[in-house]
Amino acid sequence: MSEAVTMEKIVALCKRRGFIFQSSEIYGGMASVYDYGHYGTLLKGNVKAEWWRSVLQERDDVVALDAAILMHPRTWEASGHLAGFTDPLVQCLGDCKRRWREDHLREASNRGVVAEGGAEGGEAPLELHCPQCGGELTEPRQFNLMFETHVGPVAEEGSTVYLRPETAQGIFVNFKNVLQFARKRPPFGIAQVGKAFRNEITTQSFIFRTYEFEQMEIEFFVPPAEAEIWHERWMEDRMRWYTDLGLRPDHLQLRPHGADELSHYSSATSDIEYLFPMGWSELEGIANRGDFDLTQHAEHSGEKMDYVDPGTGERYVPHVIEPSAGADRGTLAFMVDAYDEEEVEGRERVVLRLHPRLAPVKAAVLPLVNKDGQPEKARAIYEELRRRMPAEFDTGGSIGKRYRRQDEIGTPWGVTVDHQTMEDDTVTLRDRDSLEQSRISAGELVADLERRLHEPWRSPKLIS
Ligand code: GAP
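Residues numbered from 1 in each chain as written. Predicted model: local features only at pLDDT ≥ 70, side-chain atom pairs only at ≥ 80, totals over all residues. Heavy atoms only, no water.

## So, the overall build of the protein chain
The condition is simple: For the purposes of this entry, the term helix denotes a DSSP run of H or I that reaches at least four residues, the term strand denotes a run of E that reaches at least two, and both are numbered from the N terminus. Residue burial is assigned from relative accessible area. The probe radius is 1.4 Å, only protein chains are included, and a residue is buried under 20% of its type maximum, exposed over 50%, and partly exposed in between. Every residue pair with non-hydrogen atoms within 4.5 Å of one another is taken to be in contact. Calculation of accessible area relied on Shrake-Rupley with a 1.4 Å probe; when residues are assessed, cover is drawn exclusively from the protein chains displayed. Charged residues are defined narrowly, with Lys and Arg counted positive, Asp and Glu counted negative, and His plus the chain ends left uncounted. Note on charges: their place is set at NZ of Lys, CZ of Arg, CG of Asp or CD of Glu.
Secondary structure assignment for the protein chain yields 15 helices and 25 strands. When the backbone C-alpha atoms are referred to their principal axes, the protein chain occupies close to 75 × 65 × 50 Å. Split into buried and exposed, the 464 residues of the protein chain put 50% on the buried side. Put simply, 66% of the contacts in the protein chain that link residues at least 6 apart link residues at least 24 apart. Only carbon and sulfur atoms are counted for the fraction: they give 49% of the accessible area of the protein chain, which is about 21900 Å². Separation between the mean location of the 55 positive side-chain charges and that of the 78 negative ones in the protein chain comes to 5 Å.

Below, the structure written as structure tokens:
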């Protein structure tokens, strides 16, 4: 096992194996917008499916919602995004004229990695300089991150609408609808997966921070007195979700926000951070939003957003605990954590040691040679397998080359059909991680792989 992973290697692997491409590449590409190819779509789809499974199937206090991206513009007045969803923008006055986020520069400067000056004795704020060319920077200006567009054919006549910067508000504005039909009472949650858009000042690190991304959010409504305990529970549950899916615990941490970092709606937030190649960075935020959102929407819409307990008659505005994860960031973290290089029989092998349930393809069926009835037999096995799990059939190139391809896309099991198969109907099962090969009856293959797929799994990087 190695810790050789870099963002460059992940980007190269994604391109080489068709996980993720830069958007509109034929026109020179669009910075910080990405398209997911076949394996990327399957991998991110599995991340989302596992998230849905954990919130809908493994518990019974959360219901699903799929709200529209465009919302009534007053939503964003009520939510505080029009006034407060801003980042401090500074621009280089020197040669390069690059734009930066001032808070990011300040964080980097505190870690000692950005050009800075003045501030003797550490009392006055540090004077920052452009990290690119050392030039002076403008005063910070607050820059709203919401993308604007217009409804109606004539821009001036139509009303301005916004591409949602978080899926959360679609949940809050539907609170009453859901309460009416879901037959749930607090504590209960509404979960949603969907696109969100932010006109980020600085985008960075491949799919880590992009203009368009997918969120997996739960707004969990609780009686006010229970907010803190539910905040604690959700932090534990969400950390466990990542480790159950194979992320190494020593590459994950919970970091509480300082008072100066809290979003306008939050009374307490902790970030789940992952040790990405560029350092510890946010994977998911778990916020205690109090009654901020429901109260704001009640005031702005005139609709009551409170809950009346049918047992006690108590009326209250529920408080909200919000675990808010990024599907793209999660996908990146799973890939980074899984990426491995090792030497096998004198040759370098790149392998994605993904949890089998996340792996885009579960098994590849490979005839050892392309003759003697092996391809036909292999195809028959593949046809049976693919009805139960995503599988591939590959006859192209040497067996070594085919294994390398499957290792790089993270396929946990290789099924080889050889001359012995033709005699006794057994196949060779190759394990991606241990490289162990075992002989198994072709008739038992499907059941065997289904059992393996649902077994608890730990990253082989932890075991070795
Ligand atoms: N509703 C709360 C909310 O949106 P956030 O911390 O701003 O909170 C939640 O975003 C998650 O969404 C982040 O932890 C991250 O995983 C993802 N995310 C946010 N901005 C992103 C961006 N520009 N690109 C990719 N993912 C992003």
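That shown, we press on.
## Details of the pattern of salt bridges
What counts here: Salt bridge, as used here: a side-chain nitrogen of Lys or Arg that lies within 4 Å of a carboxyl oxygen of Asp or Glu.
Following the criterion strictly, the structure yields 45 salt bridges and no others. Note that aspartate 61 and arginine 59 form a salt bridge whose closest N and O atoms lie 2.7 Å from each other. Comparing aspartate 61 with arginine 59 shows no difference in burial state: the two are buried.

## Details of the environment of methionine 278
You can see methionine 278 is positioned in the loop between strand E14 (268-276) and strand E15 (279-290). Owing to a relative accessible area of 33%, methionine 278 belongs among the partly exposed residues under this scheme. When sequence neighbours within four positions are dropped, the list of residues in contact with methionine 278 reads Met7, Ser205 and Phe208.

## Examining the sheet that holds strand E13 (residues 252-256)
For clarity, the cut-off: Following DSSP output, two strands are said to pair if at least two bridges run between them. Whenever a helix is involved, its axis is fitted only over the stretch in contact; in every case the axis is a line through C-alpha atoms, and angles between N-to-C directions fall within 0 to 180 degrees.
Strand order in this open sheet of 7 strands is E3-E11-E12-E18-E15-E14-E13, and the pairing throughout is mixed. Both edges of this open sheet fall to strand E3 (62-64) and E13, since each of them pairs with a single strand only. Between one strand and the next, the sheet's axes are offset by a mean angle of 25°, whatever the strand orientation. Examined bridge by bridge, E15 and strand E18 (residues 319-326) share 6 bridges and lie antiparallel to one another. Considered in E18, the bridge of isoleucine 286 is made with proline 323. Packing against the sheet, helix H8 (residues 227-244) makes contact with strand E12 (212-222), E13, E14, E15 and E18, and its axis sits at approximately 150° to E15.

## So, helix H5 (residues 102-110)
Each α-helix winds once per 3.6 residues, and so residues spaced three or four apart point in a common direction. Keep this limit in mind: Picture the helix axis, draw a direction to every C-beta atom, and the arc is the one those directions span.
Turning to H5, its buried residues are Glu102, His104, Leu105, Ala108 and Ser109. In a view along the axis of H5, the buried residues occupy a sector of 160°, so they form one face of it.

## Points about the packing of aromatic side chains
This is how it is decided: Here is the rule: rings of Phe, Tyr and Trp (six-membered ring for Trp) pair when centre to centre is within 6.5 Å. Planes less than 30 degrees apart are stacked, more than 60 are edge-to-face, and the remainder are tilted. Think of it as a cone above the ring: NZ of Lys or CZ of Arg counts as a charge over the ring if it is within 6 Å of the ring centre and within 35 degrees of the ring normal.
A full pass over the atoms with the stated rule returns 17 aromatic pairs. Aromatic pair phenylalanine 175 and phenylalanine 188: ring centres 6.4 Å apart, planes at 25°, arrangement stacked. Of this pair, phenylalanine 175 sits in helix H7 (residues 175-181) while phenylalanine 188 sits in strand E11 (residues 188-197), and the two are 13 residues apart along the sequence. We classify phenylalanine 188 as buried; its relative accessible area is 1%. Their ring planes at 65° and their centres at 5.7 Å tell us that tyrosine 307 and tyrosine 316 sit as a pair that is edge-to-face. Across the pair, tyrosine 316 and tyrosine 307 agree in class, each one buried. Ring pairing ties together the aromatic residues Phe172, Phe175, Phe188 and Phe221, which thus form one cluster. Sitting above the plane of the tyrosine 36 ring, lysine 44 keeps its charged end 4.2 Å from the centroid.

## A word on the domain arrangement of the protein chain
Our working rule: Residue ranges assigned to the domains are those given by an automatic or database domain assignment.
Examined at the domain level, the protein chain breaks down into domain 1 (7-82 + 146-336), domain 2 (86-144) and domain 3 (361-462). Inter-centroid distance (C-alpha atoms) of domain 2 to domain 3 is 54 Å.

## Quick look at the pairing of E11
Judged by how many residues are buried, E11 sits mostly within the fold: 9 of 10 residues are covered. Across 3 bridges, the pairing between E3 and E11 is parallel. Across the sheet, residue alanine 64 finds its bridge partner in E11, namely alanine 191. Relative to E12, E11 runs antiparallel, the two sharing 10 bridges. Looking across to E12, one finds that phenylalanine 197 is bridged to glutamate 212.

## Here's the deal with helix H10 (residues 327-338)
Operational definition: Helix span, expected: 1.5 Å multiplied by one less than the number of residues in the helix.
Here H10 is 12 residues long and its end C-alpha atoms lie 16 Å apart, about the 16 Å a rise of 1.5 Å per residue gives. Taking burial as the measure, the 12 residues of H10 include 12 buried ones, the bulk of the element. Among the residues of H10, Ala327, Asp328, Arg329, Gly330, Thr331, Leu332, Ala333, Phe334, Met335, Val336, Asp337 and Ala338 are the ones counted as buried.

## Details of the packing of helix H2 (residues 38-57) against H10
Our working definition: Angle categories: roughly parallel below 35 degrees, roughly antiparallel above 145, roughly perpendicular from 65 to 115, and oblique for all the rest.
As a packed pair, H2 and H10 sit with axes 9 Å apart at the nearest point and diverge in direction by 110°. The angle between H2 and H10 places the two elements in the roughly perpendicular class. Contact residues: H2 offers Leu43, Lys44, Val47 and Lys48, while H10 offers Ala327, Asp328, Thr331, Phe334 and Met335.

## Considerations on the pairing of E12
In terms of burial, E12 is a largely internal element, 10 of the 11 residues being buried. With 6 bridges joining them, E12 and E18 adopt antiparallel strand pairing. Considered in E18, the bridge of methionine 216 is made with alanine 325.

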